[in-house]
Amino acid sequence: MHKYACVGKLTYCIVFLASFLLLSACGKNAEKTKVRVLIIPKFEIGEMSGDASGEAQLFYEHYCAGCKEIKIPNSTPTSQFYFNSENGVGLLVTDSGKSAAGLSLMSLLSWDAYDFSDTTIVSVGCGGASTGSFIFGDVVLVTAACDFELGHNTGRGELEDAESEHTWFPLDSLSNYSVEQLNAELYDKVYPMIRDCPLRTTETTKRVLANNYPDEEWAARDPHVAKGTAVTGDSYWKGSDGHRNAGFIAEYYGCPDEYAVTEMEEIAIMNAAECFGLKDRVISLRVIVNMDTFLKGESPEKLWLSETDYGSKVTEENSETVDIFGPGMENLFDVGKIVIDAILAGEL
């Protein structure tokens with residue numbers, strides 16, 4: 001009996017030890033991985049490295065080089081997530097539009113494998129300039145975002161007053177999520193860091209601006225970093241009515257800075273971040289690669305119905321982004337890198 005009792009105790013000890021080790025291992029696996037910075041570009045062109053750069057590639061190559069894609073549970077099929085465990089930087093490519101951006105970010109922030117409690121979100125992308133103030137190559141530090149669709153939109157021909165300045169009318173019941181103003185204290189720290197970052201342009205870009213806006217001082221300057229409001233639209237619009245509506249929307253909502261850039265995701269990123277208590281840790285940067293009104297010789301048909309390839313459209317007479325897209329991505333990265341490096345150094 002004594003021998004069996006010893007064997008029983010030994011068996012108990014082995015089982016207990018095995019259970020303890022198993023629980024410890026499970027506890028280790030259950031520990032959430034802390035994310036220090038989450039970079040959110042919206043699209044990439046081709047591969048993540050080694051070819052022409054979209055919004056993601058330069059950030060991937062610098063902060064997540066070699067990292068494999070990680071599938072996010074219950075996310076959109078087009079979202080891509082990469083994480084570098086050495087520096088704590090995540091890169092989420094959401095795809096274009098409010099739905100893709102908002103759902104991708106919500107899915108990631110809901111995933112209990114990662115700890116986002118101290119994460120700073122750096123949303124990066126391109127957009128169209130508010131004609132009359134901003135130019136190709138500018139980088140905008142977005143201080144507020146408004147939704148272009150939430151409200152009432154109509155065609156000019158439906159208005160009693162054909163000379164009416166606006167074709168958009170507000171709907172105040174939607175204002176809780178149709179506008180987001182970001183953390184002014186954080187932006188007061190960020191802007192001096194990036195304000196003097198040198199930015200690129202091209203000779204073709206300069207000529208196109210000069211030909212379209214002769215003797216206009218705003219069009220003759222070199223690109224710079226500025227603050228402004230982003231107006232988010234799912235529909236890629238262009239034209240004078242949309243331009244006036246976007247400016248009115250920013251004014252109507254009392255945004256701290258003028259309408260600067262139109263894009264397709266920013267309000268969704270900010271709304272999703274707010275759901276997780278992270279809105280005050282969002283920093284948004286947009287580089288200007290086209291204008292929100294048509295350049296000389298352009299029309300909707302020429303831009304959007306033509307079967308000609310991108311390269312043949314990039315001419316001084318009829319162009320969407322001229323040849324600024326590649327240099328613009330470098331401008332976006334240079335400014336973004338200053339911000340991200342400051343976060344990783346504990347300066348923000």
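Look above for the structure.
Right, let's walk through the structure included here.

Reading the values: the criteria
Residues numbered from 1 in each chain as written. Predicted model: local features only at pLDDT ≥ 70, side-chain atom pairs only at ≥ 80, totals over all residues. Heavy atoms only, no water. Buried < 20%, exposed > 50% of the residue type's maximum accessible area, 1.4 Å probe, protein only. Helix = DSSP H or I, 4+ residues; strand = E, 2+ residues; numbered from the N terminus. Pairing = 2+ DSSP bridges. Axes fitted to C-alpha atoms, helices over the stretch in contact; angles between N-to-C directions. Parallel < 35°, antiparallel > 145°, perpendicular 65-115°, else oblique. Left-handed = near helix turned anticlockwise from the far one by under 90°. Contact = heavy atoms within 4.5 Å. Salt bridge = Lys/Arg side-chain N within 4 Å of Asp/Glu carboxyl O.

As a further point, take the pairing of strand 3 (residues 80-84). Most of strand 3 is tucked away: four of the five residues are buried. Here five bridges tie strand 3 to strand 4 (residues 89-93), and the two strands are oriented antiparallel to one another. Directly across from Phe81, in strand 4, lies its bridge partner Leu92.

What follows is about the packing of helix 5 (residues 184-194) against helix 12 (residues 325-344). One way to put it is that helix 5 packs onto helix 12 with a least axis distance of 10 Å and a crossing angle of 130°. What the angle tells us is that helix 5 and helix 12 run oblique. Crossing of helix 5 against helix 12: the hand is right-handed. Of helix 12, the residues touching helix 5 (which contributes Val190, Met193 and Ile194) are Val335, Ile338, Val339 and Ala342.

The next point concerns the pattern of salt bridges. Scanning all chains against the criterion turns up 17 salt bridges. Of the charged contacts, one joins Lys98 and Asp234 as a salt bridge, the two residues approaching to 3.9 Å between their closest N and O atoms. Taken together, the residues span a long stretch of sequence, with Lys98 in helix 3 (residues 98-110) and Asp234 in the loop between strand 11 (225-232) and helix 8 (240-252) at a distance of 136 residues. As a salt-bridge pair, Glu320 and Lys238 come within 3.0 Å of each other at their nearest N and O atoms. Of this pair, Glu320 sits in the loop between helix 11 (310-313) and helix 12 while Lys238 sits in the loop between strand 11 and helix 8, placing them 82 residues apart in sequence. Take Glu320: its relative accessible area is 16%, and that puts it in the buried class. Overlapping salt bridges bring together Lys98, Asp147, Glu149 and Asp234 as one network.

Structural measurements only, silent on function.
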